[in-house]
Amino acid sequence: MVFEEVAPYHERRDRARGARIVGRPEALRRIERLSDAVWRAADRLFPVRVPRAWFDQIDPDDPNDPLALQALPDARELIHGAEDLNDPVGEQGLQPLPWLVQKHPDRILLLLTRRCHLYCRYCFRRTAPHHAGPEDPDDAALDAAIARCVAARPQEVILSGGDPLAVTDARLFDVMDRLRPAVPVLRIHTRAPITAPERVTEALAAGLRARAPVWVLVHCNHPRELTEEVRAGLTRLVDAGVPVLNQAVLLRGVNDDVETLVALCEALVALRVFPYYLHHTDRVAGNAHLRVDPAAGLALHKALSRRVSGLALPSYVVDPPDGSGKIQVERAVAEGKIALHEPGGA
Ligand code: SF4
């Protein structure tokens, strides 16, 4: 499998951003088990970018630290099996325009940027087909994407990326305003409230509120991600009247035990964030060491259902490689879209 190297572009940008991102030399000094060679090799395939606040929470002596597993490069990322996929959720053939993905007639995904505040090592868009090329659409590409959405008049446009909150409020609000009134419901799929909670300002919350109905879907995988700053940001959104839901990803060694999932889901409900989805990890090249076997995931979900209220129980879903869109894991197995025991899972 051949991958294009995309990291140097991101590296240049990150250097300019300064102290909020932890640089490689500092990370290598503080976490002895990290390897310079692995960091550089992993970074060439998919950029390594760890916000300082996230990094500071990592226990440098714990190789199984759940925050480290999600964010720091690992030698196992460099091992790509024959069963691994470049396009694990079948998006490549469903792009009517470069920054759009459409799997359903009533919904369109608009990718506002390829940038993220933290590049999750398991990301389903971690391969070159998703991550090569410019980080942001130029004006002409963005205009064309918005025009296409307006003409199609779907029920929902989902602003995604990358992380749509990696763009400025001005750009975000401008895009949202141009989609209205043709698109009744807007969604923002973002990990920024978790990885960069300072991004959730009063101004952002008020701007989203002013553009209701806007649904915000965040991405939190472990209760330790819910720091005081993260809780404050989520509360700002909810207090502003913005509905907030969570989409967790089931990750080996991070949250594949019932106690962690109970703690996560109950903490989210207490914050008035609905634990909407537990995602089965997509079979992308470079994340095999973080995948959970579907059979184990189903057993875990069953155990979770016995422990939490209906309000705290996420649906266990998968976005299968055939591009047909998200469905329950149980149904995906029954319909042969994924196997009960997947290659690379454990
Ligand atoms: S925030 Fe989302 S898009 Fe960005 S790296 Fe993480 S999983 Fe991928």
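Residues numbered from 1 in each chain as written. Predicted model: local features only at pLDDT ≥ 70, side-chain atom pairs only at ≥ 80, totals over all residues.

## Description of the site of the ligand
Now for step 1: Every residue lining the ligand is accounted for by Cys116, Tyr119, Cys120, Cys123, Arg125, Gly161, Gly162, Asp163, Arg191 and His219.
Now for step 2: The class makeup of the residues in the shell around the ligand is 4 nonpolar, 3 polar and 3 charged. (Near = placed C-beta within 6 Å. Nonpolar A, V, L, I, M, F, W, Y, C, P; charged D, E, K, R; others polar.)

## Some thoughts on the packing of helix α12 (residues 258–270) against helix α13 (residues 294–307)
Packed helix pairs are specified by the crossing angle of their axes together with the interaxial distance, meaning the distance between the axes.
Now for step 1: It is at 10 Å that the axes of α12 and α13 come closest, and there the two elements cross at 50 degrees. Relative to α13, the element α12 lies oblique. The handedness of the crossing between α12 and α13 is right-handed. Residue-level contacts link Val258, Leu261 and Val262 of α12 to Leu300, Ala303, Leu304 and Arg307 of α13.
Now for step 2: Looking at the contact of α12 with α13 residue by residue, the class counts come to 6 nonpolar, no polar and 1 charged. (Axes fitted to C-alpha atoms, helices over the stretch in contact; angles between N-to-C directions. Helix = DSSP H or I, 4+ residues; strand = E, 2+ residues; numbered from the N terminus. Parallel < 35°, antiparallel > 145°, perpendicular 65-115°, else oblique. Left-handed = near helix turned anticlockwise from the far one by under 90°. Contact = placed C-beta atoms within 7 Å.)

## With respect to the pairing of strand β8 (residues 315–318)
Now for step 1: Direction of pairing for strand β7 (residues 274–279) relative to β8: parallel, over a ladder of 3 bridges. By the bridge assignment for β8, His279 is matched with Val317.
Now for step 2: Chirality of the crossover, the property in question, places the unit of β7, α13 and β8 among those that are right-handed.
Now for step 3: With 2 bridges connecting them, β8 and strand β9 (residues 327–328) associate as antiparallel partners. Pairing of Val317 across the sheet is with Gln328, part of β9. (Pairing = 2+ DSSP bridges. Right-handed = clockwise from strand over helix to strand, strands pointing away.)

## A closer look at the sheet that holds β7
Now for step 1: Taken together, the 9 strands give an open sheet; going across it, the order is β1-β2-β3-β4-β5-β6-β7-β8-β9, and neighbouring strands pair in mixed fashion. Bordering the open sheet on either side are β1 (100–104) and β9, each of which pairs with just one other strand.
Now for step 2: Summarising the sheet, β1 and strand β2 (residues 107–111) pair through 3 bridges and their orientation is antiparallel. Across the sheet, Leu100 pairs through a bridge with Leu110, a residue of β2.

## A few points about the environment of Leu226
Now for step 1: By the secondary structure assignment, Leu226 is in the loop between β5 (214–218) and α11 (228–239).
Now for step 2: In sequence terms Leu226 and Thr195 are 31 residues apart; their C-alpha atoms lie 9.8 Å from each other.
Now for step 3: Every residue in contact with Leu226, bar those within four places of it in the chain, is listed here: Cys220, Arg231 and Ala267.

## What to know about the pairing of β7
Now for step 1: Pairing of strand β6 (residues 244–249) with β7 involves 4 bridges; the strand directions are parallel. Considered in β7, the bridge of Leu245 is made with Phe274.
Now for step 2: Crossover connection from β6 via α12 to parallel β7: handedness right-handed.

## Describing the packing of helix α7 (residues 139–152) against helix α8 (residues 169–179)
Now for step 1: Running from N to C, α7 and α8 cross one another at 30 degrees; their axes reach a closest spacing of 9 Å. Between α7 and α8, the angle falls in the class roughly parallel. Relative to α8, the crossing made by α7 is right-handed. Contacts from Ile146, Cys149 and Val150 in α7 reach Val175, Arg178 and Leu179 in α8.
Now for step 2: Each residue belonging to the contact of α7 with α8 can be placed in one class, and the counts come to 5 nonpolar, no polar and 1 charged.

## Focus: helix α10 (residues 202–210)
The α-helix advances 3.6 residues per turn, and as a result positions three or four apart in sequence lie on the same side.
Now for step 1: All buried positions along α10 are accounted for by Leu204, Ala205 and Leu208. Each buried residue of α10 sits inside an arc of 95 degrees when the element is viewed along its axis, so together they form one side. Turned more than 90 degrees from where α10 packs its buried face, Glu202, Ala203 and Ala210 sit exposed.
Now for step 2: Each element contacted by the buried residues of α10 is listed here: α8, β5 and α11. (Buried ≥ 20, exposed ≤ 12 C-beta atoms within 10 Å, placed from the backbone. Arc of directions from axis to C-beta.)

## Let's talk about the confidence of the model for the chain
Now for step 1: Here the chain shows a mean pLDDT of 92. Residues at 70 or above account for 93%.
Now for step 2: Confidence drops under a pLDDT of 50 for residues 1–9, and excluding neighbours within four residues, the segment shows 15 contacts in the predicted structure. (pLDDT = per-residue confidence, 0-100.)

## A closer look at helix α3 (residues 36–45)
Now for step 1: The complete set of buried residues in α3 reads Ala42, Asp43 and Leu45. Down the axis of α3, the buried set is contained in an arc of 155 degrees. They therefore lie on one face. The exposed set on the far side of α3, more than 90 degrees from its buried face, consists of Asp36 and Ala37.

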